[in-house]
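These are the residues of each chain, in order.
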Amino acid sequence: MTTAPTASHYIDGSYAEDAAGTAIDIIYPATGEIIGRVHSATPEMVERALASARRAQPEWAAMTGMERGRILRRAADIIRDRNRELSILETYDTGKPLQETLVADATSGADALEYFGGLAASLAGEYIPQPGGDFVYTIRQALGVCVGIGAWNYPTQIACWKAAPALACGNTMVFKPSETTPLCALKIAEILTEAGAPPGVFNVVQGLGDVGAALVNDPRVAKVSLTGSVPTGRKVYAAAAAGMKHVTMELGGKSPLIVFDDATLDDAVSGAILGNFYSSGQVCSNGTRVFVQKGIRDAFLARLCERLSTAKLGDPLDEATNFGPMVSEAQLSIVKRYIAKGIEEGASLAYGGKRQPGPGFFLEPTVFAGVTDEMTIAREEIFGPVLSLLEFDDEEEVIGRANATEFGLAGGVFTNDLTRAHRVVARLEAGTCYINTYNLAPVEAPFGGVKASGVGRENSKEAIAHYSEVKTIHVAMNGVEAPF
Ligand SMILES: NC(=O)c1ccc[n+]([C@@H]2O[C@H](COP(=O)([O-])OP(=O)(O)OC[C@H]3O[C@@H](n4cnc5c(N)ncnc54)[C@H](O)[C@@H]3O)[C@@H](O)[C@H]2O)c1
């Protein structure tokens, strides 16, 4: 299989290249080898992409929801048919194990296209009766050209989670993948064309933050949806505000996972593993502050370390591997600095912590015990396989500590006390909460953060409100009276 893309960008229904743009090497995280190269979009490429999206939008919006939906659902079918090929590409792009990408990436993208494709035909307004037979009706209209900007941890999923609701509502999109993972979104663009999307409906341009900023600042753009870090979110939100644009901000987190001493131990350990080490810890909603009640703390830590010792690090293309490398040398260095900081500030390294010798950006799953709330590793998003174990005594105390953060993406609780579970999640300041499970994100359920973790929701019917606008129409049936 060849991983090098046909060309850097996808504009107006076909691949486009402009070698004048700065070269960006595509590096396979498992070996550190350069497996391809794209060029950052020049201003001409950005202009072509935006002009194409602008041109295509009225006709795309004028199609019925049934017609648009059929194209999206066809794209979902193509993705499912090519799941293995797309999963291998996702593995080359991100380094995530094939065992994982086969079930969590292209499949999740297909789910989004299928779900929003199904909803497209039923996006309707309301009829509101008024006195004397007058009435008001509302229609739901597309916003226009939307910009999607992605992070590197889920390049296929992020492209689809943004494209599917945007396109279902009659918008067109220019999508900029992360410069670290430029491959997968191009395939989604290609597949949408194959499924029947007219040229310009979904365009992809490559580049760093400057290309993202050029898209966000363009007056033709009505909406910006970003998946990225909080600092980038602040910049993009501010730029969008200057143009009074709609935004969806899917940002970072430092989520709490609370384990009470009546929890089923192995379920809680499974939750902590899913919430810290899946995708080598590079998941925004991870529950990286694991608060464990004192009575269960020793047993929890022992069982966690025992199970981590069975993790299989190695070649991500080997389907037996279940723990891959970090996405890049740069991200690995950031995480290593946090590990050093944890040790320096007095946390006790209970498991892992070392880079694997050999090529690639492999870091062992890492557990810190004895972590306190003030430590850097308990306050900042690390975005790597580093779990911080904190102890607590009682419910009231742990809720206060769990909420003492600027982030609010997710939160979880493990307990067999039914009423306590619901009482605790009701008070967690988080957009998504889990009871006796962790890190699920099915397309039918809203996903997004509160506080600094974001604005708006992706997935579910909620996303429709973020990609469309309601127009209100007043109709008089009995003539018009005026004072003079
Ligand atoms: N909440 C979610 O759904 C979610 C999902 C995945 C990742 N994330 C977050 O993403 C972060 C990791 O990803 P990352 O390192 O790629 O994030 P990042 O913020 O560095 O970059 C995100 C994207 O924004 C672009 N960008 C950077 N500066 C910009 C600017 N000024 N204007 C426009 N675009 C700009 C980048 O090129 C990239 O495509 C973590 O914080 C993680 O929590 C959040």
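Residues numbered from 1 in each chain as written. Predicted model: local features only at pLDDT ≥ 70, side-chain atom pairs only at ≥ 80, totals over all residues. Heavy atoms only, no water.

### A word on the overall build of the protein
Helix and strand counts for the protein come out as 16 helices and 20 strands. Computed over C-alpha atoms, the radius of gyration of the protein comes to 24 Å, within 12% of the 23 Å expected from 2.2 N^0.38 for 484 residues, which places it in the range of a compact globule. Oriented by its inertia axes, the alpha-carbon framework of the protein measures out at about 80 × 60 × 40 Å. Looking at the 484 residues of the protein, the share that counts as buried comes to 57%. (Helix = DSSP H or I, 4+ residues; strand = E, 2+ residues; numbered from the N terminus. Rg over C-alpha atoms; globule rule 2.2 N^0.38 Å. Buried < 20%, exposed > 50% of the residue type's maximum accessible area, 1.4 Å probe, protein only.)

### Looking at the environment of Ala7
Along the chain, Ala7 falls in the segment before strand S1 (9–11). Ala7 gets classed as buried once you look at its relative accessible area, which sits at 10%. Not counting chain neighbours up to four residues away, the residues in contact with Ala7 comprise Tyr15, Ala16, Glu17 and Leu186. (Contact = heavy atoms within 4.5 Å.)

### Re the sheet that holds strand S20 (residues 468–475)
Read from one edge of the open sheet, 3 strands run S5-S6-S20, paired in antiparallel fashion. Every other strand in the sheet has two partners, leaving strand S5 (127–129) and S20 as the edge strands with one partner each. Across this sheet, the average inter-strand angle for adjacent strands is 20°, counted without regard to direction. As defined by bridge partners, strand S6 (residues 135–142) adjoins S20 across 8 bridges and the pair is classed as antiparallel. Bridging across to S20, Arg140 finds its partner in Val470. (Pairing = 2+ DSSP bridges. Axes fitted to C-alpha atoms, helices over the stretch in contact; angles between N-to-C directions.)

### Some words on the UniProt feature "domain: Aldehyde dehydrogenase" (unreviewed entry) in the protein
According to UniProt, the positions carrying the feature "domain: Aldehyde dehydrogenase" (unreviewed entry) are residues 19–473. Annotated as residues 19–473, this span is 40% helix and 20% strand, and its ends, taken at the C-alpha atoms, are 49 Å apart. (UniProt positions renumbered as here; feature names shortened; annotations may be inferred.)

### Description of helix H6 (residues 155–168)
For an α-helix, 3.6 residues make a turn, and residues three or four places apart therefore share a direction. When the terminal C-alpha atoms of H6 are compared, their 20 Å separation across 14 residues agrees well with the 20 Å that a helix rising 1.5 Å per residue should span. Among the 14 residues in H6, 14 count as buried, and that is most of the element. Gly170 sits one or two positions beyond H6 and adopts a positive phi of about 95°. (Expected span 1.5 Å × (residues − 1).)

### Quick word on the side chain of Thr42
Summarising the element assignment, Thr42 is placed in the loop between strand S4 (33–39) and helix H1 (43–62). Not counting residues within four places of it along the chain, the set of residues in contact with Thr42 comprises Asp18, Ala20 and Gly21.

### With respect to the pairing of strand S13 (residues 289–293)
Burial of S13 is extensive: 5 of the 5 residues sit out of reach of the surface. Neither face of S13 is left uncovered, since the one carrying Arg289, Phe291 and Gln293 and the one carrying Val290 and Val292 both have all their residues buried. In this sheet, S13 lies alongside strand S12 (residues 256–259) in parallel orientation, the contact comprising 4 bridges. Pairing of Val259 across the sheet is with Val292, part of S13. With respect to chirality, the unit in which S12 leads through helix H10 (residues 265–274) into the neighbouring parallel S13 is right-handed. Note: S13 against strand S16 (residues 386–392), 5 bridges, orientation parallel. Its bridge partner being in S16, Phe291 is matched across the sheet by Leu390. (Right-handed = clockwise from strand over helix to strand, strands pointing away.)

### Comments concerning the nonpolar core
In this structure, Ile79, Leu113, Phe116, Leu167, Met173, Leu192 and Phe202 are the most contacted members of the largest nonpolar core, which totals 50 residues. Broken down by secondary-structure element, the contributors of at least two residues to this core are H1, helix H2 (65–81), helix H5 (106–119), H6, strand S8 (172–176), helix H7 (184–195), strand S9 (202–204) and helix H16 (462–466). Element by element, the count of residues in this core is highest for H6, at 9 residues. (Core = buried A, V, L, I, M, F, W, Y, C linked by side-chain atoms within 4.5 Å.)

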